[in-house]
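If you want the building blocks of each chain, they are given just below.
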Amino acid sequence: QGATFYGRFSVKNTSPLSRVSELALVQVLPSGWQIENIRINNTLLPDWTRGWSLNKENYLDIRDDRVMWFFDLKDSETLDFVVKLNCINAGEFWLPGTLLEAMYSKDFKATTVGTKVYVKAFE
């Protein structure tokens, strides 16, 4: 409780197509976590993120309980996405799986499995 950390998501085009368009990457977050919108308070990402392929999305939508990135992927391109998070409430929570899908094509979809996460009480 009270800790700050970062979530990182990497996406790579492994399809035979040279470009996959209009993708949406969605991560719903546990209720014990809070998203810190670094765009609002003009915070920079840590130096250890410098080698990553960041800020390539066409649009970023941050809500109370989720982050959604919208973008295109070129041939064999890998993009990284980062969100700054704060542990607010102690307890056991469910972290839903990550969803990546093409918004207008049923041919492109990838998901990860959700998992339990634990936030220890501040001591």
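A brief report on the enclosed structure follows.

1. Some thoughts on the packing of aromatic side chains
Counting across every chain of the model gives seven aromatic pairs. A ring pair is formed by Y6 and W48, whose centres lie 5.4 Å apart and whose planes are at 85°; its orientation type is edge-to-face. Here W48 lies in the loop between β3 (33–36) and β4 (59–62) and Y6 lies in strand β1 (residues 4–12), a separation of 42 residues in the sequence. Overall, Y6 belongs to the partly exposed group, its relative accessible area being 25%. A residue is classified by how much of its surface remains accessible, and W48, at 51% relative accessible area, is exposed. Among the aromatic side chains, those forming a connected cluster through ring pairs are F9, W69, F71 and F81. Over the aromatic face of W52 sits the side chain of R8, whose NZ or CZ is 3.7 Å from the ring centroid.

2. A closer look at the sheet that holds strand β6 (residues 78–87)
Two strands in a sheet stick together by hydrogen bonds in their backbones, pointing the same way (parallel) or opposite ways (antiparallel). Pairing in this open sheet of three strands is antiparallel, and the strands run β1-β6-β3 from one edge to the other. Strands at the two margins of the open sheet, each flanked by one partner only, are β1 and β3. Strand-to-strand, the axes of this sheet are offset by a mean angle of 40°, without reference to chain direction.

3. Some points on unusual backbone geometry
A positive phi is found at E22, a non-glycine position, where the angle reads about 55°. Mapped onto the fold, E22 is located in strand β2 (residues 19–28). The class for E22 is partly exposed, based on a relative accessible area of 39%. One non-glycine residue, N55, adopts positive backbone phi at about 60°. Locating N55 in the fold gives a position in the loop between β3 and β4. N55 sits in the exposed class, given a relative accessible area of 62%.

4. Structural notes on the nonpolar core
Membership of the largest hydrophobic core comes to 24 residues, with the highest contact counts inside it found for L25, W33, W69, F71 and F81. Top element by residues in this core is β6. It accounts for five residues. Residue contacts for W33: discarding those within four places in its chain leaves F5, L85, N86, C87, L95, V117 and V119.

5. Focus on the layout of surface pockets
In this structure, the largest pocket spans a volume of roughly 390 Å³. When residues of the lining of the largest pocket are traced back to their parent elements, those giving at least two are β4, β5 (66–74) and β6. For the lining of the largest pocket, the leading source of residues is β6, giving five residues. Taken together, the residues of the lining of the largest pocket break down into 13 nonpolar, four polar and six charged.

What counts, and at which threshold
- Chains are numbered independently. Their residues run from 1 in the order of the written sequence.
- Given that the model is predicted, a residue must reach a pLDDT of at least 70 before its local features are reported, and side-chain atom pairs must reach 80 or more before they are shown or counted; all residues, however, enter totals for whole chains, interfaces and linings.
- With hydrogens and water excluded, all non-hydrogen atoms of the structure serve as input to the side-chain values.
- Stacked, edge-to-face and tilted labels apply to pairs of Phe, Tyr and Trp rings (six-membered ring for Trp) whose centres lie within 6.5 Å, assigned for plane angles under 30 degrees, over 60, and everything in between, in that order.
- Helix and strand definitions here come from DSSP, where helices need a minimum of 4 consecutive H or I residues and strands a minimum of 2 consecutive E residues; each element is numbered from the N-terminal end.
- The buried label goes to any residue with under 20% of its type's maximum accessible area, the exposed label to any with over 50%, and the partly exposed label to all in between, with areas taken from a 1.4 Å probe on protein chains only.
- Sitting over a ring, as applied to charges here, requires NZ of Lys or CZ of Arg to be within 6 Å of the ring centre and within 35 degrees of the ring normal.
- Only when DSSP finds a minimum of two bridges between them are two strands counted as paired.
- In this analysis an axis means a line fitted to C-alpha atoms, helices contributing only their contacting stretch, and an angle means the value between N-to-C directions, from 0 to 180 degrees.
- For this analysis, a nonpolar core means a set of buried residues of the types Ala, Val, Leu, Ile, Met, Phe, Trp, Tyr and Cys, connected via side-chain atoms within 4.5 Å.
- In what follows, residue pairs with any heavy atoms lying within 4.5 Å of each other are defined as contacts.
- Using protein atoms alone on a 1 Å grid, points that fit a 1.4 Å probe yet trap it form a cavity, whereas open point sets bounded by protein on both sides within 12 Å along at least five of seven lines form a pocket; residues with an atom within 4 Å of a point count as lining.
- Grid points are joined across faces, edges and corners, and a volume is the space filled by probe spheres set on the points.
- Following the grouping adopted for this structure description, the nonpolar residues are Ala, Val, Leu, Ile, Met, Phe, Trp, Tyr, Cys and Pro, the charged ones are Asp, Glu, Lys and Arg, and the polar ones are all others, Gly among them.

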